[in-house]
Amino acid sequence: MPEITYREALNQALAEEMERDDSVFLMGEEVAEYDGAYKVSKGLLDRFGPQRVVDTPISELGFAGLGVGAAMTGLRPIVEFMTFNFSILALDQVINSAAKMYYMTGGQIPIPMVFRGPTGAALQLSAQHSQACETWYVHAPGVKLVTPGTPADAKGLLKASIRDDDPVAFMEGELLYNLKGEVPDPDDGDFVIPLGKADVKREGADVSLITHGKMVNLALQVAGKLEKEDVDVEVVDLRTLRPLDVDAILASVRKTNRAVYLEEGWPYAGIGSQIVATIQEEAFDYLDAPVLRVTQADVPMPYAKNLEKLAKPDADRVVAACNRVLYRD
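Here the structure is a predicted model, which is why all the values come from computation and not from measurement.

Draft legend 1. Region of the structure containing the domain arrangement of the protein chain. Here the protein chain is partitioned into domain 1 (3–188) and domain 2 (199–325). For domain 1 versus domain 2, the distance between C-alpha centres works out to 26 Å. Each side of the interface is counted separately: domain 1 has 32 residues, and domain 2 has 26 residues. Here domain 1 meets domain 2 over a buried area of about 2300 Å², counting both sides, of which 56% is carbon and sulfur. Considering only the surface of domain 1 that becomes buried against domain 2, Gln124, Val138 and Thr147 emerge as the three largest contributors, covering 25% of it. Between domain 1 and domain 2 we count two salt bridges in total. Here Asp153 ties to Lys201 by a salt bridge, and the two come within 2.8 Å at their closest N and O atoms. Counting residues per element, the ones that place at least two in the side of domain 1 that touches domain 2 are helix 6 (134–138), strand 6 (144–146) and helix 7 (151–163). The leading source of residues in the side of domain 1 that touches domain 2 is helix 6, at four residues. For the side of domain 1 that touches domain 2, a count of residues per class yields 18 nonpolar, eleven polar and three charged.

Shown next as structure tokens:
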């Protein structure tokens, strides 16, 4: 399989789905003339024209609403937020319109659309541009949430999200765009990964390290580090947070009897809170230690480089958590 970047994998997915289905179109800030703020939409304007690759004004609430209206008429819009931090301005359209319309119309009006863009912290973008937004979206019934951590997952899951008849929030780790990985060649067939299926990125027997999105790569680093200490870490990549692959979580915990959840967001009412509750409710008798969480510090992201580093989850903190559930600390 060829090795391409996360950015190129997303671009392939967009192009293939727009080629396959004329109802698919892309809209957002700078997605057309500028090829996208992160160059994910590079070349799409030339290929598909300005009616299907549409630059919008800087008004997230406005163009998110246009996307919802387009989906109500049978089109399949992909609404790109330059960053999910800016999507906070559009939450009324996402949560009150897109997520609820199918339910409120008794199933008469599906909303087949994707909200996509980068999430989480990059490097020194300060508090208002460094938020992991997963928790805000996953809380609302009616919106599916996808968080790919590898180029292959980014492509396969984006294609599935575009084809889905429900609104999907598709969150891309901001520091992942240059990440390289093997992705099936387009000539080898239609590569689609179904939503709601986790992936065991590394088999292990001693502790389950459960995570999603950008943190997958950190989890694999930790697993490699602990392997040198004869600790066998299983890395479970959830890939989608709604629907959540509970069976995969439970299967891993029942095998290892210990679990650590790693996420980029804040700890209070975070994704990890749901994961811990699920494990406690469904696999309590299999646990040999309490389930621990490793998260961002419970503060707005600092701008100063040294403080930003301290606020983010890092390998040492994850190693310490794994050692603690193994009673090795």
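Alright, that's what it looks like, and here's the rest.
Draft legend 2. Seen up close, the packing of helix 1 (residues 6–20) against helix 7. Running from amino to carboxyl end, helix 1 crosses helix 7 at an angle of 30 degrees, the nearest separation of the two axes being 8 Å. One element, helix 1, and the other, helix 7, form an angle in the roughly parallel class. When you trace helix 1 past helix 7, the crossing you get is right-handed. Taken together, the residues of helix 7 that come into contact with helix 1 (itself represented by Tyr6, Ala9, Leu10, Gln12, Ala13, Leu14, Glu16, Glu17 and Arg20) are Pro151, Ala154, Lys155, Leu158, Lys159, Ile162 and Arg163. Grouping the amino acids of the contact of helix 1 with helix 7 by side-chain chemistry returns nine nonpolar, one polar and six charged.

Draft legend 3. Representation of the pairing of strand 11 (residues 233–237). The buried fraction of strand 11 is high, at five of five residues. Note: strand 9 (residues 199–202) against strand 11, three bridges, orientation antiparallel. Bridging from a neighbouring strand, Arg202 pairs with Val235 of strand 11. Bridging between strand 10 (residues 207–211) and strand 11 involves five bridges; their strand directions are parallel. Across the sheet, the residue bridging to Ile210 is Val236, located in strand 11.

Draft legend 4. Structural context of a negative patch on the surface. A cluster of acidic residues, Glu30, Glu33, Asp46 and Asp55, forms a negative patch at the surface. Locating Glu33 in the fold gives a position in the loop between strand 2 (24–28) and helix 2 (44–48). According to the relative accessible area criterion, Glu33 is exposed, its value standing at 68%.

Draft legend 5. View of the sheet that holds strand 10. Strand order in this open sheet of five strands is 9-11-10-13-14, and the pairing throughout is mixed. At either margin of the open sheet sits one strand with a lone partner, and together these are strand 9 and strand 14 (292–294). Here the strands of the sheet are splayed against their neighbours by 25 degrees on average, with no regard to which way each runs. Most of the contacts of helix 9 (residues 246–256) go to strand 10, to which it runs at about 155 degrees, and overall it touches strand 10, strand 11 and strand 13 (259–262).

Draft legend 6. Up close: the packing of aromatic side chains. If you walk through the whole model with that rule in mind, you get six aromatic pairs. Relative to Tyr177, the ring of Tyr6 lies with its centre 6.0 Å away and its plane at 80 degrees, an arrangement referred to as edge-to-face. Taken together, the positions of Tyr6 in helix 1 and Tyr177 in the loop between strand 7 (168–173) and strand 8 (180–182) put the pair 171 residues apart, joining distant regions of the chain. By the burial criterion, Tyr6 is buried, and Tyr177 matches it.

Draft legend 7. Highlighting the sheet that holds strand 2. The mixed open sheet is built from seven strands, whose spatial order is 3-2-4-5-7-6-12. Edge strands, defined here as strands with exactly one partner in the open sheet, are strand 3 (53–55) and strand 12 (240–242). Each adjacent strand pair in this sheet contributes to an overall mean axis angle of 20 degrees, direction not counted. Judged from the five bridges that link them, strand 2 and strand 4 (residues 76–80) form a sheet pairing that is parallel.

Draft legend 8. Region of the structure containing the environment of Tyr6. Overall, Tyr6 belongs to the buried group, its relative accessible area being 0%. Leaving out residues up to four positions away in the same chain, Tyr6 has contacts with Pro148, Gly149, Thr150, Pro151, Ala154, Met171, Glu172, Gly173, Leu176, Tyr177 and Leu179. For Tyr6, the side chain forms a polar contact with the main-chain oxygen of Pro148, separated by 2.9 Å.

Draft legend 9. Up close: the packing of helix 9 against helix 10 (residues 271–283). Across the interface, helix 9 lies against helix 10 with an axial gap of 10 Å and an inter-helix angle of 65 degrees. Regarding the angle of helix 9 to helix 10, the classification is roughly perpendicular. Our pair here, helix 9 against helix 10, has a crossing hand that is right-handed. In this structure, helix 9 contributes Val246, Ile249, Leu250, Val253 and Arg254 to the contact, and helix 10 contributes Ile275, Thr278, Ile279, Glu282 and Ala283. In the contact of helix 9 with helix 10, the residues fall into seven nonpolar, one polar and two charged.

Conventions adopted
Residues numbered from 1 in each chain as written. Predicted model: local features only at pLDDT ≥ 70, side-chain atom pairs only at ≥ 80, totals over all residues. Heavy atoms only, no water. Domains from an automatic or database assignment. Contact = heavy atoms within 4.5 Å. Buried area = accessible area lost by both parts, 1.4 Å probe. Salt bridge = Lys/Arg side-chain N within 4 Å of Asp/Glu carboxyl O. Helix = DSSP H or I, 4+ residues; strand = E, 2+ residues; numbered from the N terminus. Nonpolar A, V, L, I, M, F, W, Y, C, P; charged D, E, K, R; others polar. Axes fitted to C-alpha atoms, helices over the stretch in contact; angles between N-to-C directions. Parallel < 35°, antiparallel > 145°, perpendicular 65-115°, else oblique. Left-handed = near helix turned anticlockwise from the far one by under 90°. Buried < 20%, exposed > 50% of the residue type's maximum accessible area, 1.4 Å probe, protein only. Pairing = 2+ DSSP bridges. Patch = residues over 30% accessible without salt bridge, like charges linked within 9 Å, V, L, I, M, F, W, Y side chains within 5 Å. Areas by Shrake-Rupley, 256 points an atom, 1.4 Å probe, with all protein chains shown as cover. Lys, Arg positive; Asp, Glu negative; His and termini not counted. Charge placed at Lys NZ, Arg CZ, Asp CG, Glu CD. Phe/Tyr/Trp six-rings, centres within 6.5 Å; stacked < 30°, edge-to-face > 60°. Polar contact = N/O pair within 3.5 Å; in protein donor to acceptor, adjacent residues only side chain to side chain.

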